[in-house]
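# A structural walkthrough
Read off the chains here:
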Amino acid sequence: MIRHRHAPLYAALLGLATGLAFGTASGERAILSRIPQAEELTPHLPDQPMPALTHAGMALAVRNAERHLQAGRPWAAWKELRGHVKDPGKAPDAVVLVAARAAAGWEGWSHVRRLLEDQEWLAERSRGEGAYLLARAHETRREWSAAASLYRRYLANSRAEHRVEAAARLGRALARGGDVRGAAEAYARAAREGGEGADWMYALEAEARAKAGDADAVRAAAVSSASAPVRLRLARAEARLWLDRGDTARALDRLAREEPILDAASATVEAAEAALDHARLLAATGRDAEARADLRRVAADARVPSALRVRAATRLGEMPGTRTADEELARAAAYEAGKRPGLAARSLRAALRAGAPDEPGQRLRLGKLLFEERDFRPAREALTAAAERLDDPALAAEAELYAARALVRLGSDEGWAEMRRLVEKRARTAAAGTALFLLGDAASNVQAALSYYRRAAAVEHSPDAREALYRVGDRSLRLKDT
């Protein structure tokens, strides 16, 4: 008789890398990262399987397939068995189940469906593994009702091992099928089973209950030990419940309470998201001044990812009324961080018109933004004005460099002459090193370029010194100077 060997971890079978598509795409990734990879469903052959395995070749194929599965080679396992399961109704249960496990391993769900559909032993044999696999096959085809029914059958088996994943998938199938109350109960069941993903399950339960208008959403949203992404989802779920009940004040209070907690935990992304939600709700209720304060704070916060800062800046620009200098400065900073120089320059100009200090440093910043936007004429005007007013030699040199580059971009050779004068006037500044590097690029012959690159490399604190040194080596080789 063949002795079965228990399989090791085999997460691909569970499909956790592609399943559990709850909520938004970012939410799905977060959930997947929290739910632990489970052991593969124990690959026992069905009870008393061997009397049916009278064909020696079939028995050997099953043994080889299981070895392939243990080694993480599901396609090789499938190739061993596919010839023996062409008619699943005539093949022994043991062979069908191992073949289905192999097909699931490489996501051959159509084969899983063909093998297991209408089999009477699905939920009883091998701890209900067949029911779980067939449910997964239905799930991939978005057949939510059939999938939910099979997950329930699997969970009804007292020996079913992977109850958390099954309950979570049941919740997803019910939610997609429109049964949000049933989904909430399934998520609650998954949460009660414990494990690393329990806080996510409570969040999903809270969201489903809020969608169903169930006051129990508040209880589900009261998880205290959740991670920052989960805390944000819980707060949003409870806020949604209060909004649906017409209690805007409690919804606002829930979001307002969560933001400082997240911020104190260094969860800047989630804190910013909570602030944006809070601002959106404030604006919807006519509290524009408070909404603008939230948006300005997020836009100006250098800790927040640029995409969120740009969202805040854009929303702030859509608010009615005249924006203050501080609001425009926050928008300029956000757009600059988000690599949108044209919008940043526009906001900075608006800030200066609104009364922001017209300092030379701001003019330098404006000129550089306009240069990056390829708006060279106004860029040169701003940079020339900045250079005349800056007391710091390094900053003045930077303004002169960008002004000269803008002139070159406008098609005038006078820009190159300005760079040469900059090199002589402000030698050893970082801007002089960059000017020398650019002059080397524009040189008419290799010898002249090499001379400029050597001088550029000597200004070691220039951002182009390293590349200049490389080009010294490259041009020297071209001149056979090894």
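Placed above this text is the structure.
The following paragraphs examine the structure supplied in this document. The residue numbers shown here count from 1 along each chain, following its written sequence. Per-residue local features are limited, in this predicted model, to residues with pLDDT of at least 70; the limit for side-chain atom pairs, both in listing and counting, is 80 or more; totals at the level of whole chains, interfaces and linings are taken over all residues. Side-chain descriptors were evaluated using all non-hydrogen atoms of the structure, hydrogens and water having been removed beforehand.

A few words now on the pattern of salt bridges. We define a salt bridge as a contact between a side-chain nitrogen of Lys or Arg and a carboxyl oxygen of Asp or Glu at a distance within 4 Å. Inspection of the entire model under this criterion finds 46 salt bridges. The salt bridge involving R209 is made with D214; its shortest N-O contact spans 2.9 Å. The buried label applies to any residue whose accessible area, calculated with a 1.4 Å probe on protein chains only, is under 20% of its type's maximum; exposed applies above 50%, and partly exposed to all values in between. Looking at D214, the relative accessible area reads 18%, which means it is buried. Salt-bridge contacts for R331 lead to E328; the nearest nitrogen and oxygen are separated by 3.2 Å. Linking R331 with E328, this pair stays in helix α18 (residues 325–337), spanning three residues, or about one helical turn. Taken individually, R331 and E328 each receive the classification buried, so the pair is uniform in this respect. Through salt bridges with shared partners, a single ionic network connects R181, E185, E205, R209 and D214. Working definition: helices are DSSP H or I runs of at least four residues, strands are E runs of at least two. Numbering for both runs from the N terminus.

Quick look at the nonpolar core now. By nonpolar core is meant a set of buried Ala, Val, Leu, Ile, Met, Phe, Trp, Tyr and Cys residues that side-chain atoms within 4.5 Å join together. Ranked by size, the top nonpolar core spans 65 residues in total, and within it L81, V85, V112, L115, L116, M201 and L234 carry the most contacts. No other element matches helix α5 (residues 93–105), which puts nine residues into this core. With 51 residues, the next largest nonpolar core counts W242, L276, V304 and A332 among its residues.

This next bit is on the packing of aromatic side chains. The aromatic pairing rule takes the rings of Phe, Tyr and Trp, using the six-membered ring of Trp, and pairs them if the centres are within 6.5 Å, calling planes under 30 degrees apart stacked, those over 60 edge-to-face and the rest tilted. Per the stated rule, a full pass over the model turns up seven aromatic pairs. On the basis of an interplanar angle of 70 degrees and a centroid distance of 5.8 Å, the ring pair of Y132 and Y151 is categorised as edge-to-face. Of the two residues, Y132 is situated in helix α7 (residues 129–140) and Y151 in helix α8 (residues 144–156); the sequence distance between them amounts to 19 residues. Residue Y132 is classed as buried on the basis of its relative accessible area of 0%. Connected via pairs of aromatic rings, a cluster forms that spans W75, W78 and W106.

Turning to the environment of A239, a few remarks are in order. With respect to the helices and strands, the residue A239 is situated in helix α13 (residues 228–244). Taking relative accessible area as the criterion, A239 reaches 5% and is therefore assigned buried. A C-alpha to C-alpha distance of 9.9 Å links A239 and A217, two positions 22 residues apart in sequence. Beyond its immediate stretch of four places on either side in the chain, A239 contacts A251, R254 and L255. Here a residue-residue contact requires only that any non-hydrogen atoms of the pair lie within 4.5 Å.

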